[in-house]
Structure formats: structure tokens, C-alpha cells
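This is what each chain is made of:
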Protein chains: 2
Amino acid sequence: MSLLVVGTIALDSIETPHGRVEEETGGSATYFALAASRFVPVRLVGVVGEDFPEERLSVFGGGAAAPAAGEAGERRALPVDLAGLQRVEGGRTFRWSGRYEGDMNVAETLETQLNVLATFHPELPPAYRRTPFVFLANASPEVQLEVLGQVEAPRFVMADTMNWWIEKEREGLAEVLRRVDGVVLNDEEARGLTGERNLIRAGTRVLDLGPKVVVVKKGEHGAFLFSTYLFHALPAYPVGEVVDPTGAGDSFAGGLMGYLARSGRVSIGNLKRGLVYGTVAASFTVAGFGTGALARATREDFDIRLQEFLHFVA
Amino acid sequence: MSLLVVGTIALDSIETPHGRVEEETGGSATYFALAASRFVPVRLVGVVGEDFPEERLSVFGGGAAAPAAGEAGERRALPVDLAGLQRVEGGRTFRWSGRYEGDMNVAETLETQLNVLATFHPELPPAYRRTPFVFLANASPEVQLEVLGQVEAPRFVMADTMNWWIEKEREGLAEVLRRVDGVVLNDEEARGLTGERNLIRAGTRVLDLGPKVVVVKKGEHGAFLFSTYLFHALPAYPVGEVVDPTGAGDSFAGGLMGYLARSGRVSIGNLKRGLVYGTVAASFTVAGFGTGALARATREDFDIRLQEFLHFVA
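Residues numbered from 1 in each chain as written. Chains lettered and ligands numbered in written order. Predicted model: local features only at pLDDT ≥ 70, side-chain atom pairs only at ≥ 80, totals over all residues.

Asks: What is the right way to look at the overall build of chain A in this model?
Replies: Looking only at helices and strands, chain A has 10 helices and 13 strands in total. Against the compact-globule benchmark of 20 Å for 314 residues, chain A has a radius of gyration of 18 Å, which places it among compact chains. C-alpha atoms of chain A, sized along the principal axes, occupy 45 × 45 × 40 Å. When each of the 314 residues of chain A is scored for burial, the buried share is 55%. Here the analysis covers contacts within chain A between residues at least 6 apart in sequence; of these, 66% occur between residues at least 24 apart. (Helix = DSSP H or I, 4+ residues; strand = E, 2+ residues; numbered from the N terminus. Rg over C-alpha atoms; globule rule 2.2 N^0.38 Å. Buried ≥ 20, exposed ≤ 12 C-beta atoms within 10 Å, placed from the backbone. Contact = placed C-beta atoms within 7 Å.)

Right, dumping it as C-alpha cells:
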């Protein structure tokens, strides 16, 4: 089944102990779509400025000219459908720059230039409105609610967020959480949202806020899944050299949602398997700067690592 | 099969966000033996001062008067055999005081009084020398080598250590590592020992130093097992309220070694199952101050949590 992501496309400047890159293609929707499109065609809604290099869109396997595909057209659709990508004339693309040090678990943000993101209002092409699987990447609750107002009878909607919105837009975020089926958070976000330092309690408390599925990402330490009557824990796929963690969380969500959309059904078994594809996707992402390593990984590469992972934890 | 532990018995003063206790029974051998004795009789070698309250020994299910049990006597032996426990007349027991804050992953040591530990030389009762399973709890490499010089043809020897010895007694520790079968380290120790920040690389590098089995403990994040041709990862048993992490690592080692000794054979399957018992043992320990919660947990409690854990990760 098809999958919609609404999120950012960015130009990232990143410094890690392994080096630095300037204005690499990044953004939550980018990493999510790259991971998820290994499983199903992905419909991407986002915004770039006039300065965004057209050739960068080739990372999605297509381009801005890709047709808006209905369910029927999907079979021939390119992996990532960019019909919902807005390009703002005269605008500048969202830029983020950050630095990772030490254990590289947390990015230090050096600069955020919202640019075209500051006035972004997602508009779903009509063909996108009935997409069964929807991912609301990290954005203001206001923007996430605008998307929820445009989708029709989705089967499974999952949202991401960040500490900024937890602190500044608590009410809007509460409304989002009441209206989605699932949420992915990292450990600090789960703690910030609930005021519980203990992650097990924090995850359980998030369930009380509305979502029936709560995924807490712990970076190199794996992830927890909380749902009614269910707790599940998995380690991360072991990575011997983390070059750049940027996008790992979005890739994780992409692997998870991509697999769920492929399966068509959100069962406990599919959630668990999806989490493994999530950690596999993230393991590719962190192996290089930007999107390169993830973009090169094929579905077969994903499946090989999934099998490896299952051996590691069995 | 029987299991020998050489380590500390301490009087711990501990402060955590949940409160504080003064001079609780603690020490590596104590926590190890309490966990391991759920599986097999444990022979404890350690030292206390004249000030150590005799009635505290009841936590081991026996007392200083327990007979030194040979293999034949073991069936009637009390869970923890204290024939190897030295009491130094006029001496003061080893004392440690520490504080945990925030996420409680790391203790801040406030004071260490070695006291009788400063001049401790372990002496194995003759009946202990042929113990098949041996655990060298954290101690100076010198003391650990003294034990290795007294055991005869052990089947599986595992050692613990700490950053202090990694920094100060590198050569002695290298000798220990060459002579043992396995080592348990926490994440920071594995990094300190190898100079590798990445844990996957660090664990792999420890194998090069000698041990055929390397267990890296990550506290609330679970553990990694490295061996030739094998990498295994497991999350921790989820604990909703960590009251006091003291002794978690030693309990973990006790659950692991206890199960291995019970099985009698160090296979990959037994190692994996032993790691689960390790995280189960630690989950009891951290639920209360000192040894109380672990001491109350029965073998049946261990087995119930083992089954729960297997559901959480399946």
C-alpha cells in the first residue's frame, strides 16, 4: 500500500570526528523516503527553495517531473513520487548545521535557517489524500494538524516530534497525539513529554496521551515498542563505525513505516519486523555522511542485514 | 557444578534520588553470590573486618560456620559456602560510599576505605581448588593472578575489572586476560581497555587480548556478547523504577555464571540463556537499596522474569 510522508528537505552542513560536509541533501522526509521506498512507493510532501539543485532530486530515483500517481499509476511510479514537493520561487531551502562529538549520540545544532520552511503549508495533491499509511515527520503541531485535515480515512498515521514542540507547543502536540495512531520519539523526547526519567515509565505514559503504538528510539541502544498489552525491546544493528548519525531516526521510521505499508496491516508481528527494518535502515544511514550510504543500499542489502540481526538477537 | 567467586564484601553507603542508606551489606562477591546461588551452591572467598556484623552473613542463607563442602557434601551445603571468608581480627571491613544522580547510569564515588582489602590475599580452602567454574570479581590483577595460581584445571574462568586497573595495572591485567576464558566489562571499561570509542569495535578488540568470551554490560541498555564467530545483543529487562543500581553488574555476572555452572557446559546457547538470567538478576537488584530485593527473589521469580524477557524480545 502507498505511503505518504510530510517533512523537510534540507541542506545540511555536518561536522563529525570523521570529517565535515557542506550543504549535503538532508531533511526528515528525505531520509524517511529513501528508507521507506525500499518497500513501497513513497509520496513526498515538502518544500524547497529556488536554490535547491534540481539534480539533487535524483537521489529519490526520479525528479520533480515525476507524475502524481494514483493507486493505478503506482506500479510504474518511480520509488519516490515528488508531485507534492513545493518549490518556492525566490525562496531559500531550509538549512541545518550541526556537530557531533564524543559518542555522537546527540547533535549540537550550530545553526538553523528555516527559510522556506517558515511559511510552509503542506498541500496534498488530490491523489494523495486517500493514502493509507501516513508519516508526519517532525514539524510544528500546526503543520502536522494541517496534514491530518487533508487525509481521508488513513489506515495508520504515525507522527514524530522534537523537544522544541514538546516545550513550546504542548497543546497543539497533545491534539496531534490524540489524533494519530502511533508516535516515534527518541529517549529524551519521551522523557520531556512525560516528565518521567525512567524510559519504561515514560513510554507507558505516552500511551495515555493517545497513540496506540509508541516507539522510543535509543540510537545505538536500539528501541522500545509500547502498545496495549505489549512491550517489546530490540538492540540496534551493530555498527562498527558511525560516520554521521544525521538522519538515523528518520531512516528508522522509514524502514518501519515502509515495511508496515508493504504488509498492509499493522499487527504486532509486523510492528516487530518493521522495527528491525528500521534499525537496519538506520545502520546504513550512519555509515556515511548524508544520504549516500542509505541511497546505495538495495532492498536485498536490507534483507541480508535483517537476517544478520535476527541471528544477533536470537 | 560448583562455582567459586573471589571478590569483595563491603559496607556500602549509598545515596540515590530515592533516598539514602548507611553501611548496607554490599560488595562484588556478595551480589554475585546472591544471584548465582539461585542456580548452584557458591563458594565465596573474601575478607571482612572484625566489625562486620555476624548476623549480616545470614543474607547468604548460612553463616561463617557453614562447612567447607566438597562435591559430595554439596547437596546438603547451604546456598553460599563461606568457608573461604577471612575475618581479620582488629580489622575494619572495606567501605564504599557513592551517589547516583540523573539517569543513575554512573555512580559518583564519594569515598573508598580499603581497610582489610588493602592487605587481602585470597586463600582457597583445599576443597575449593578444583572448582570447575570460577569468577574473579573486580580486584587488582595481582589478587586475581593469586587466585589463578591456586585453582586447578578449572573449566571456565571469567574475570571482571575496572577502569582503575585498566589505567594503573595494565600489564598485570593483560596477564589476567591472557589466562582467563571470559571477561565481563561495562561499556566504559571496554572503551578504556581498547581505546576504541565504538563499542562494537571495542568488544571485538578485547577478544584479541585473550578471552574467548567477552561480555560488555551496558546497564539499562542491555549487553553485548562477543566471541569467535559470534556477536549477540540483548536489551535489559525493563525496570520501571530503579531505586539503587549498586551491585547490578555483579548480579548480572552472578546470573550468567550461575546458569553456566548449573548447565555445566559453556555453549553458545547456554551463554545466551545465561545473559538473560544475568539481566533478570540485575533487574531484582536495582529495584531496592542494597541486597534486599535480590535476596528475596527466588529461583521461581528468576524463571518468571526470564519468560517475560523472552516475550519482550521475541
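Asks: Whenever I open this one, the relation of the copies chain B and chain A confuses me. Can you help?
Replies: Between the two chain copies there is a screw-like relation: a rotation about an axis and a shift along it. Here chain B sits on chain A after a turn of 180° about the axis and a move of 0.0 Å along it, with an RMSD of 0.0 Å. Classification of the inter-copy transformation places it as that of a two-fold axis. Both copies share a contact surface, since 100% of the interface residues of chain B are interface residues in chain A too. (Least-squares fit on C-alpha atoms with pLDDT ≥ 70 in both.)

Asks: Would you take a moment to explain the interface of chain B and chain A for this structure?
Replies: By a widely used convention, the size of an interface equals the accessible area lost when the partners come together. Counting residues at the interface gives 20 residues for chain B and 20 residues for chain A. At the level of secondary structure, the elements contributing two or more residues to the side of chain B that touches chain A comprise helix H6 (199-208), strand S13 (230-234) and helix H10 (299-313) of chain B. Per element, the largest residue contribution to the side of chain B that touches chain A is 4 residues, and it comes from S13 of chain B. Considered class by class, the residues forming the side of chain B that touches chain A number 10 nonpolar, 5 polar and 5 charged. (Nonpolar A, V, L, I, M, F, W, Y, C, P; charged D, E, K, R; others polar.)

Asks: Before we go on, may I ask you to explain the sheet that holds strand S3 (residues 19-26) of chain A in this structure?
Replies: Pairing between the strands of a sheet is mediated by backbone hydrogen bonds and can be parallel or antiparallel. Residues and elements named next belong to chain A. Taken together, 4 strands build an open sheet; the order of strands is S3-S2-S6-S7 and the sheet is mixed. Of all strands in the sheet, those bounded by a partner on one side alone are S3 and strand S7 (107-113). Taking the axes of each pair of neighbouring strands and ignoring which way they run, one obtains an average angle of 15° across the sheet. Inspection of the sheet shows strand S2 (residues 10-16) paired to S3 by 6 bridges, in the antiparallel sense. Of the residues in S3, the one forming a bridge with Leu11 is Thr25. (Pairing = 2+ DSSP bridges. Axes fitted to C-alpha atoms, helices over the stretch in contact; angles between N-to-C directions.)

Asks: What am I meant to see in helix H1 (residues 28-36) of chain A here?
Replies: One full turn of an α-helix is made of 3.6 residues, so residues set three or four places apart face in the same direction. Of all 9 residues in H1 of chain A, 9 are buried, a share of seventy percent or more. When H1 of chain A is considered as a whole, its buried residues turn out to be Ser28, Ala29, Thr30, Tyr31, Phe32, Ala33, Leu34, Ala35 and Ala36 of chain A.

Asks: I would appreciate a short explanation of the environment of Pro238 of chain B in the present structure.
Replies: Structurally, Pro238 of chain B is set in the loop between S13 and helix H7 (248-263). By the C-beta count within 10 Å, which is 22 here, Pro238 of chain B ends up buried. Each C-alpha atom, one on Pro238 of chain B and one on Val216 of chain B, is 18 Å from the other, the two residues being 22 residues apart in sequence. Sequence-distant contacts of Pro238 of chain B, defined by excluding residues within four places in its chain, comprise Ile200, Phe231 and Ala233 of chain A together with Phe312 of chain B.

Asks: What is the right way to read unusual backbone geometry from this model?
Replies: As a rule of thumb, non-glycine residues mostly have phi less than zero, and peptide bonds are mostly trans rather than cis. Residue and element names in this part refer to chain B. Positive phi, normally seen in glycine, also occurs at Glu23, with a value near 50°. Along the polypeptide, Glu23 turns up in strand S3 (residues 19-26). For Asn115, which is not a glycine, the phi torsion comes out positive at approximately 50°. By secondary structure assignment, the location of Asn115 is in the loop between strand S7 (107-113) and strand S8 (133-136).

Asks: Where do I start with the pairing of strand S10 (residues 182-186) of chain B in this structure?
Replies: Looking along a regular strand, one sees the side chains alternate between the two faces of the sheet. All names here are of chain B. Counting buried positions along S10 yields 5 of 5 residues, so the element is predominantly enclosed. Both faces of S10 are covered, namely the face carrying Gly182, Val184 and Asn186 and the face carrying Val183 and Leu185. Bridge count for strand S9 (residues 156-160) against S10 is 3 bridges, and the pairing is parallel. What sits directly across from Asp160, in S10, is Val184. Pairing analysis gives 5 bridges linking S10 to strand S11 (residues 213-217), with the strands arranged parallel. Following the sheet pairing, Gly182 is matched in S11 by Val213.

Asks: For this particular structure, what's the right way to read the environment of Thr25 of chain A?
Replies: Tracing the backbone shows Thr25 of chain A in strand S3. The spacing of Thr25 of chain A and Ser13 of chain A is 12 residues in sequence and 9.1 Å in space, taken between C-alpha atoms.

Asks: Just checking my understanding: could you explain helix H4 (residues 170-179) of chain A for this structure?
Replies: Residue and element names in this part refer to chain A. Residues of H4 that are buried include every one of Leu173, Val176 and Leu177, and no others. Axial view of H4: buried residues confined to an arc of 95°, hence all on one face. Those residues of H4 that are exposed and angled more than 90 degrees off the buried face are Glu171 and Arg178. Taken together, the buried residues of H4 touch helix H2 (141-148), strand S9 (156-160), helix H3 (163-168) and strand S10 (182-186). (Arc of directions from axis to C-beta.)

Asks: Could you clarify how one ought to interpret the packing of helix H2 (residues 141-148) of chain B against helix H4 (residues 170-179) of chain B in this entry?
Replies: Each packed pair of helices is defined by two parameters, the angle between the axes and the distance between the axes. Residues and elements named next belong to chain B. Relative to each other, H2 and H4 sit at 35°, their axes nearing to 9 Å. As for the relative orientation of H2 and H4, their crossing is left-handed in sense. Contact with H2, carried on its side by Pro141, Glu142, Gln144, Leu145 and Leu148, involves Gly172, Leu173, Glu175, Val176 and Arg179 of H4 and no other residues of that element. (Left-handed = near helix turned anticlockwise from the far one by under 90°.)

Keep in mind that these numbers describe shape and distance, not what the molecule does.
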